[in-house]
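# Tertiary structure, described
The lines below spell out each chain.
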Amino acid sequence: IKDLNQMNYCCGFPTFWRDYTRLDHPVATEHTMYSSIDKLWKKGIGMWITPNKLSYTEWKKNFISWNFKDDAASPQAAAGNINVEFWQGSSDYTVTWKYDGTCNCYKRENGGTPHMDLNNNQQLSAKNIVVQFERESRANDGYEGNVHLLYKTIGEGKALIFQDGKMVEGKWSKASRLARSKYTDSKGKEILFNKGVIWIQTVPEGARVSY
């Protein structure tokens, strides 16, 4: 995956910029960085997307896709409301996904209120929800209070996969930094996702999830 982000050498201003007025309430500086598809394409074309450097065939050649299936909506959702506590006692970070049978999707609430897209005022939704449990540790990077956190993304761990109003308990695995994350059920069979948005929500090991 080609990476463009404001933290490396390639992409400062004007590809990325800060907007302190977009939200209707004060937020920390790290939540004010923005870019646009047009600016990212322009930067990407200048760096990689030329006939001699990158083509559709070249990047797809070694790409292993996830596997997909058709929707199989459940008339009686066994996992209708999913409540994910990132940290126990920190309700501002609690996420609730509510199943909607009309779209066979889950609609997102954050901190007890619907999570809305500021561009179109539509509630965020996804066809597939993956709750991925990861080991949390302190970064020990010298930052005041040692508040920066790290999450172990290489290896394997528990995962809960929600789709079609149902839950499958399985695991996630990622062999190396450049490997694709895989999701399997309790029998080791790779998960087939519904075609549509896949939302992977990482949480610390031991986080409480109810449904």
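The text that follows walks through the structure, step by step, so that each part is easy to find. (Residues numbered from 1 in each chain as written. Predicted model: local features only at pLDDT ≥ 70, side-chain atom pairs only at ≥ 80, totals over all residues. Heavy atoms only, no water.)

### Describing the overall build of the chain
- A tally of regular secondary structure across the chain gives 2 helices and 17 strands.
- Across its three principal axes, the chain shows a C-alpha extent of roughly 50 × 45 × 40 Å.
- Each of the 211 residues in the chain was classed as buried or not, and the buried ones make up 28%.
- Counted over contacts in the chain with a minimum sequence separation of 6, partners at least 24 positions apart contribute 51%.
- Surface summary for the chain: the accessible area is close to 14,200 Å², and the carbon and sulfur share equals 52%.
- Looking at the chain, you have 28 positive and 23 negative side-chain charges, and the mean spots of the two groups are 7 Å apart. (Helix = DSSP H or I, 4+ residues; strand = E, 2+ residues; numbered from the N terminus. Buried < 20%, exposed > 50% of the residue type's maximum accessible area, 1.4 Å probe, protein only. Contact = heavy atoms within 4.5 Å. Areas by Shrake-Rupley, 256 points an atom, 1.4 Å probe, with all protein chains shown as cover. Lys, Arg positive; Asp, Glu negative; His and termini not counted. Charge placed at Lys NZ, Arg CZ, Asp CG, Glu CD.)

### Thoughts on the sheet that holds strand S13 (residues 166–174)
- Overall, mixed pairing links the 5 strands, which are arranged S14-S13-S12-S9-S16 in an open sheet. On the outer flanks of this sheet lie strand S14 (182–185) and strand S16 (198–204), each paired with one strand and no other. In this sheet, neighbouring strand axes are inclined to one another by 30° on average, regardless of whether the strands run parallel or antiparallel.
- Inspection of the sheet shows S13 paired to S14 by 4 bridges, in the antiparallel sense. (Pairing = 2+ DSSP bridges. Axes fitted to C-alpha atoms, helices over the stretch in contact; angles between N-to-C directions.)

### Description of a nonpolar patch on the surface
- A cluster of nonpolar side chains, Leu23, Val27 and Leu118, forms an exposed patch at the surface whose accessible area comes to about 220 Å².
- Note on placement: leucine 23 falls in the loop between strand S1 (17–18) and strand S2 (33–34).
- Assessed through its relative accessible area of 30%, leucine 23 is described here as partly exposed. (Patch = residues over 30% accessible without salt bridge, like charges linked within 9 Å, V, L, I, M, F, W, Y side chains within 5 Å. Salt bridge = Lys/Arg side-chain N within 4 Å of Asp/Glu carboxyl O.)

### Considering the environment of tyrosine 93
- Within the secondary structure, tyrosine 93 sits in the loop between strand S4 (81–84) and strand S5 (95–100).
- Spatially, the C-alpha atom of tyrosine 93 lies 30 Å from that of glycine 12, the residues being 81 residues apart in sequence.
- Residue contacts for tyrosine 93: discarding those within four places in its chain leaves Val84, Phe86, Trp87 and Asn110.

### Some thoughts on the nonpolar core
- Grouped together as the largest cluster of nonpolar side chains are 17 residues, with contacts concentrated most on Val131, Phe162 and Val209.
- Within the residue set of this core, elements represented by two or more residues are S4, S5, strand S9 (128–134) and strand S12 (155–163).
- In this structure valine 131 touches Val84, Lys158, Ala159, Leu160, Phe162, Gln201, Val203 and Val209, once residues within four positions along its chain are discounted.
- Membership of the second largest hydrophobic core comes to 7 residues, among which are Val130, Ala159, Ile161 and Trp172. (Core = buried A, V, L, I, M, F, W, Y, C linked by side-chain atoms within 4.5 Å.)

### A few points about the pattern of salt bridges
- With the rule as written, the count across this model stands at 8 salt bridges.
- As a salt-bridge pair, aspartate 164 and lysine 69 come within 2.7 Å of each other at their nearest N and O atoms. Linking aspartate 164 in the loop between S12 and S13 with lysine 69 in strand S3 (residues 67–69), this pair joins segments that are 95 residues apart in sequence.
- Residue lysine 195 pairs with aspartate 70 through a salt bridge whose shortest N-O separation is 3.1 Å. Taken as a pair, lysine 195 in the loop between strand S15 (192–194) and S16 and aspartate 70 in the loop between S3 and S4 lie far apart in primary sequence, 125 residues in all.

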